Amino acid sequence: MIRVENVWKSFDEQPVLKDISLTFERGKTNLIIGKSGSGKNVLMKCLVGLLEADRGRIVYGDLDFSAMGYRQRRVIRKELGMLFQGAALFDSMSVTDNVMFPLSMFTTMSRKEKEMRAAFCLERVNLHGADHLQPSELSGGMKKRVAIARAISISPKYLFCDEPNSGLDPPTAILIDKLISEITEEFNITTVVNTHDMNSVMEIGDKVVYIYLGELWWVGSRHEILHTGNKELNDFVYATELMRTLKK
Amino acid sequence: MLHTLILIAKLIRESALFALTSIVANKLRTVLTLLGITIGIFAIISVFSVVDSLERQIRESISALGDNVVYIKKWPWTFDTDLQWWQYANRPSPRLRELEEVQRRTGSVEAAAFLASTRRRVEYLTTSVESVSIAGVSADYDQVRNFSLHSGRYFSQTESSAGRNAIILGYDLAENLFPNTDPIGRSVKLFGHNMTVIGVFEKEGLGGFGDTHDDSAVIPIQTLAQFINVDQDRYGPFIMAKPHPGITNAELIDDLTGVMRSIRRLPPVAENNFSLNETSLLTEGFDELFAIITLAGWIIGGFSILVGGFGIANIMFVSVRERTSIIGIQKALGAKNYFILWQFLFEAVLLSLIGGIVGLLLVFGGTAIVVSVFEIDFLLSASNILLGVNVSIVIGLVAGFLPSWSASRMDPVVAIRSTA
Ligand SMILES: Nc1ncnc2c1ncn2[C@@H]1O[C@H](COP(=O)(O)OP(=O)(O)OP(=O)(O)O)[C@@H](O)[C@H]1O
Ligand SMILES: [Mg+2]
């Protein structure tokens, strides 16, 4: 579980996050949604320690992450899987080497052990047989899968995904979303996904967090989101003709 | 502790992989930068190889002359006294008779020999070689001058003292006169007489002082004396004296000076009318020359290497900038600072090393060509290879340090901004 308590963050006197308090539970896929520029990425970077919150606390389990130094945080960083936007694979390394990278950094596993673990993770994302390919030989969806395999290679307790299905066609996007959701339940991971795709919300949103201009505007499940009277949230949810038609 | 070391070793290997792929991906840029290092290493190591080879050859030919042998001659090898050239010219040459006196009266001389030479035609059947250098040597020549025989033997005591018609041929001369036959026991014609070939010298190659036996022939001095007056100036007569073991050159020279002065009955006020030349002094001039050539090699090579080093530093800065987001992702996925540092440092060293090795290969190719074209013994020694490799590694480390350091210190937030 991750607890966010009264987090504030400003850039050049300009507040980007305003008093955010939240919890993300284990085994659940938590979605952070909001318009472009609302502060989703800033919140996510604060969560993983790539940015420091100006005020407030971030607590992993019962460890106060905010109070820790860089070295102490390594204990927690070992349990964080990260899925970067656009996969961000190392182009110079094979699929297997990409998946093994966090293992080399965080563990003292032998090469054999790492290879076995990588094979397991690739199998889990349905990419068996792709292990010796180079990233340039993969489709966008496959790259995303490799990135997921890399993120879960260290058996993380927490998984952060930045717009995991951006740039994918709708069926592939859904497949990736589903994969993340399945893995979350299967390995009992606390997953936080940053997205502005309503399809993702409807498919996998166990808990949906709506950020509006840096404020926590609304929290609920994907079932509740369609029936809220909140104007700003409705503007976001029913931004497309498709959703408006569906509503009728 | 061991655990940490193993991890570091693993990380370096991971870094190396990263580095290698990046070098391969930027071939052209890599090649251009490496040119400086290649030229620098080529300049330094080839100069070193030339100096080494020359030094070795000179040392070898001096030891062939006998490195502690003193040559009693009319002319000095180096003009360091304040005599005028005509004063030297008026000196008498050493005579054959003086050799016996030197042998008899000196205490420090173990062996001494007299040598005079001229040029004549040598014939075998219908083959002949013009203007062959013919040296007449006294019996103990073999104890003073180092040489080995390809076949046959040296003159016997009787052949020497009785002036028999025996001849020892230089290797190349023997090849020319006897292309298909074994010369030993055959007769060649010299001074209109038949001389029996009793030996052939081993091939000596290009000596440092052009005194190789290869194209010449040697006969007993008493034989030569039957055809020419060996004491005459024009035959360049001289005496070689080699000291007993343990006698220093200074002692030998003292002894020889005293004996020669008394043989020639010089009054105390008179200058020496002979020169005592030491082979060991010959190297001194060369030492200085080599020091200058070596310095020149370092300076020329050093400039190229400096340029190459800046090139590598530049490439590395570019490379760090290009890979900003990769560094960020690596850091986010757990890479520690030293992993990043090693990665770039290793890349810089690898670059420099590739440049250096290409330079060494060029030197190697060059030596192979020189050896085959000029037939001189010239090689790229292991210690010079090691020097080239070490210089390259050091350049890589020095040039790569700053860029690598800046990469390792990069703020992951900045690094990752473009990606996350
Ligand atoms: N390092 C930074 N320095 C200064 N301003 C920043 C920095 N990071 C983010 N911001 C600002 O904070 C605001 C929120 O940015 P953020 O990246 O969180 O948006 P987002 O919700 O992820 O948008 P999108 O959906 O387009 O990715 C933006 O106005 C952005 O300019
Ligand atoms: Mg964003």
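Cut-offs used in this document
- Residues numbered from 1 in each chain as written.
- Chains lettered and ligands numbered in written order.
- Predicted model: local features only at pLDDT ≥ 70, side-chain atom pairs only at ≥ 80, totals over all residues.
- Heavy atoms only, no water.
- Helix = DSSP H or I, 4+ residues; strand = E, 2+ residues; numbered from the N terminus.
- Buried < 20%, exposed > 50% of the residue type's maximum accessible area, 1.4 Å probe, protein only.
- Contact = heavy atoms within 4.5 Å.
- Areas by Shrake-Rupley, 256 points an atom, 1.4 Å probe, with all protein chains shown as cover.
- Patch = residues over 30% accessible without salt bridge, like charges linked within 9 Å, V, L, I, M, F, W, Y side chains within 5 Å.
- Salt bridge = Lys/Arg side-chain N within 4 Å of Asp/Glu carboxyl O.
- Phe/Tyr/Trp six-rings, centres within 6.5 Å; stacked < 30°, edge-to-face > 60°.
- Lys NZ or Arg CZ within 6 Å of the ring centre and 35° of its normal.
- Pairing = 2+ DSSP bridges.
- Polar contact = N/O pair within 3.5 Å; in protein donor to acceptor, adjacent residues only side chain to side chain.
- pLDDT = per-residue confidence, 0-100.
- Core = buried A, V, L, I, M, F, W, Y, C linked by side-chain atoms within 4.5 Å.

1. Things to note about the overall build of chain A
Then, in step 1: Within chain A one finds nine helices and 10 strands.
Then, in step 2: Burial statistics for chain A: of 248 residues in total, 53% are counted as buried.
Then, in step 3: Excluding contacts between residues fewer than 6 apart, the proportion of contacts in chain A whose partners are at least 24 apart in sequence is 65%.
Then, in step 4: Carbon and sulfur atoms form 52% of the exposed surface of chain A, whose accessible area is close to 11000 Å².

2. Here's the deal with the overall build of chain B
Then, in step 1: A tally of helices and strands in chain B yields 14 helices and 10 strands.
Then, in step 2: Expressed as a percentage of the 420 residues in chain B, the buried residues total 47%.
Then, in step 3: Counted over contacts in chain B with a minimum sequence separation of 6, partners at least 24 positions apart contribute 77%.
Then, in step 4: On chain B, roughly 20400 Å² of surface is accessible, and the fraction owed to carbon and sulfur atoms is 61%.

3. Notes on a nonpolar patch on the surface
Residue and element names in this part refer to chain B.
Then, in step 1: A surface patch of nonpolar side chains, about 570 Å² in accessible area, is lined by Leu 295, Ile 299, Phe 303, Leu 306 and Phe 310.
Then, in step 2: Note on placement: Leu 295 falls in helix H10 (residues 279-322).
Then, in step 3: When its relative accessible area of 52% is taken as the criterion, Leu 295 is described as exposed.

4. Comments concerning the packing of aromatic side chains
Then, in step 1: The full count for this structure, using the stated rule, is 17 aromatic pairs over all chains.
Then, in step 2: A ring pair is formed by Tyr 210 of chain A and Phe 236 of chain A, whose centres lie 5.5 Å apart and whose planes are at 50°; its orientation type is tilted. You can see Tyr 210 of chain A sitting in strand E9 (residues 207-212) and its partner Phe 236 of chain A sitting in helix H8 (residues 231-237), a full 26 residues away along the chain.
Then, in step 3: A residue is classified by how much of its surface remains accessible, and Phe 236 of chain A, at 12% relative accessible area, is buried.
Then, in step 4: Members of the aromatic cluster, joined through ring pairs, are Tyr 141, Phe 147, Tyr 154, Phe 155 and Phe 201 of chain B.
Then, in step 5: Positioned over the ring face of Phe 90 of chain A is Arg 150 of chain A, at 5.1 Å from the centre of the ring.
Then, in step 6: Just above the ring of Phe 238 of chain B sits the side chain of Lys 73 of chain B; from NZ or CZ to the centre is 4.4 Å.

5. Thoughts on the pairing of strand E9 (residues 238-243) of chain B
All names here are of chain B.
Then, in step 1: Counted residue by residue, E9 has five buried out of six residues, so it is predominantly covered.
Then, in step 2: With three bridges joining them, strand E1 (residues 70-73) and E9 adopt antiparallel strand pairing. Of the residues in E9, the one forming a bridge with Tyr 71 is Met 240.
Then, in step 3: With six bridges connecting them, strand E2 (residues 109-124) and E9 associate as antiparallel partners. Across the sheet, residue Ala 113 finds its bridge partner in E9, namely Met 240.

6. A few points about the environment of Glu 98 of chain B
Residues and elements named next belong to chain B.
Then, in step 1: Looking at the element boundaries, Glu 98 is found in helix H4 (residues 96-105).
Then, in step 2: Placed 16 residues apart in sequence, Glu 98 and Phe 114 show a C-alpha to C-alpha distance of 9.1 Å.
Then, in step 3: The contact partners of Glu 98, leaving out residues within four places of it in the chain, are Ser 93, Ile 239, Met 260, Ile 263 and Arg 264.
Then, in step 4: Among the polar contacts listed, one links the side chain of Glu 98 to the backbone nitrogen of Arg 95, at a separation of 2.8 Å.

7. Details of the pattern of salt bridges
All names here are of chain A.
Then, in step 1: Summed over the entire model, instances satisfying the criterion amount to 25 salt bridges over all chains.
Then, in step 2: For the salt bridge of Arg 124 with Glu 182, the shortest nitrogen-to-oxygen distance reads 3.2 Å. With Arg 124 in helix H4 (residues 111-124) and Glu 182 in helix H6 (residues 170-186), this pair connects stretches of sequence that are 58 residues apart.
Then, in step 3: Residue classification places Glu 182 among the partly exposed positions, given a relative accessible area of 39%.

8. With respect to the confidence of the model for chain B
Then, in step 1: Confidence along chain B averages 83 in pLDDT terms, with 89% of residues attaining 70 or more.
Then, in step 2: Reported confidence for the predicted complex is 0.81 by ipTM and 0.66 by pTM.

9. Describing helix H11 (residues 324-332) of chain B
Then, in step 1: With seven of its nine residues buried, H11 of chain B lies for the most part within the structure.
Then, in step 2: Gly 334 of chain B sits one or two residues past H11 of chain B and shows a positive phi near 105°.

10. Points about the side chain of Glu 159 of chain B
Residue and element names in this part refer to chain B.
Then, in step 1: For Glu 159, the position within the fold is in helix H6 (residues 157-162).
Then, in step 2: At a separation of 2.9 Å, a polar atom in the side chain of Glu 159 contacts the side chain of Arg 153.
Then, in step 3: Here Ser 156 takes part through its backbone nitrogen, which lies 2.8 Å from a polar atom of the side chain of Glu 159.
Then, in step 4: Beyond its immediate chain neighbours, meaning those up to four positions away, Glu 159 contacts Arg 153, Tyr 154, Arg 164, Ala 166, Ile 198 and Pro 220.

11. Comments concerning the side chain of Ser 46 of chain B
Then, in step 1: Relative to the assigned elements, Ser 46 of chain B resides in helix H2 (residues 27-65).
Then, in step 2: Reaching out from Ser 46 of chain B, the side chain makes a polar contact with the backbone oxygen of Ala 43 of chain B at a distance of 3.2 Å.

12. Describing the nonpolar core
Then, in step 1: If you look at the biggest cluster of nonpolar residues, it comprises 68 residues, and the most contacted ones within it are Ile 2, Phe 24, Leu 47, Tyr 60, Phe 101 and Phe 160 of chain A.
Then, in step 2: Counting residues per element, this core draws most heavily on helix H12 (residues 337-374) of chain B, which supplies eight residues.
Then, in step 3: For Ile 2 of chain A, the residues in contact, after removing those within four places along its chain, are Leu 22, Thr 23, Phe 24, Leu 47, Ile 58, Val 59, Tyr 60, Tyr 158, Phe 160, Thr 190 and Val 192 of chain A.
Then, in step 4: Counting residues in hydrophobic clusters, the runner-up holds 44 residues, among them Val 122, Val 132, Val 188 and Leu 224 of chain B.

13. What about the pairing of E2 of chain B?
Residues and elements named next belong to chain B.
Then, in step 1: Where E2 and strand E3 (residues 127-137) come together, nine bridges link them in antiparallel fashion. Each residue of the ladder has a partner; that of Glu 123, found in E3, is Ser 128.
Then, in step 2: Counted along the chain from E2 to the antiparallel partner E3, the turn is two residues long, and its residue Leu 125 has a positive phi close to 50°.

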